[in-house]
Amino acid sequence: MQILDIRPSPLGSTTLARFDLQLNDHLRLYNLGLRQSGKGRCWTVAPNAFSERTAAFGEQFNRAISDLALAALMELPADASTDV
């Protein structure tokens, strides 16, 4: 499992970043949202299609991909922010 690309969101948004995830050689998920709750915990949401979520993730899996995405986000250089 690996993050293919991660794109920081503008400051002040509850969505910290959008990212693309490769689960294995057969499955990739694009434009997932890394969000932060008021308690500081991060979680991942799938994009919408026709005003509905395209996928949902179990708690343990969500925690694993959220932690992976947060680590990738923290590795970006400081000038990678999108709020220019």
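The structure under discussion appears in the preceding block.
Rules and cut-offs
Residues numbered from 1 in each chain as written. Predicted model: local features only at pLDDT ≥ 70, side-chain atom pairs only at ≥ 80, totals over all residues. Heavy atoms only, no water. Pairing = 2+ DSSP bridges. Helix = DSSP H or I, 4+ residues; strand = E, 2+ residues; numbered from the N terminus. Axes fitted to C-alpha atoms, helices over the stretch in contact; angles between N-to-C directions. Salt bridge = Lys/Arg side-chain N within 4 Å of Asp/Glu carboxyl O. Buried < 20%, exposed > 50% of the residue type's maximum accessible area, 1.4 Å probe, protein only.

Caption draft 1: Region of interest: the sheet that holds strand β1 (residues 2-8). Strand order in this open sheet of 4 strands is β1-β2-β3-β4, and the pairing throughout is antiparallel. One side of each edge strand has no neighbouring strand; the edge strands of this open sheet are β1 and β4 (42-45). When strand polarity is set aside, the average angle formed by the axes of neighbouring strands in this sheet is 30°. Relative to strand β3 (residues 27-36), strand β2 (residues 15-24) runs antiparallel, the two being bridged by 7 bridges. Bridge pairing links glutamine 22 to arginine 28 in β3.

Caption draft 2: Expanded view of the pattern of salt bridges. One pass over the structure, following the stated rule, counts 4 salt bridges. The partner of arginine 7 in a salt bridge is aspartate 5, and the shortest N-O contact between them spans 2.8 Å. Residue class for aspartate 5 comes out partly exposed when judged on its relative accessible area of 35%. One salt bridge in this structure joins aspartate 67 and arginine 41, with 3.5 Å as the shortest N-O distance. Within this pair, whereas aspartate 67 is found in helix α1 (residues 59-75), its partner arginine 41 is found in the loop between β3 and β4, the two being separated by 26 residues in sequence. Residue aspartate 67 is classed as partly exposed on the basis of its relative accessible area of 39%. Sharing partners across several salt bridges, the network here consists of Asp5, Arg7 and Asp20.

Coordinates in, geometry out; function isn't part of it.
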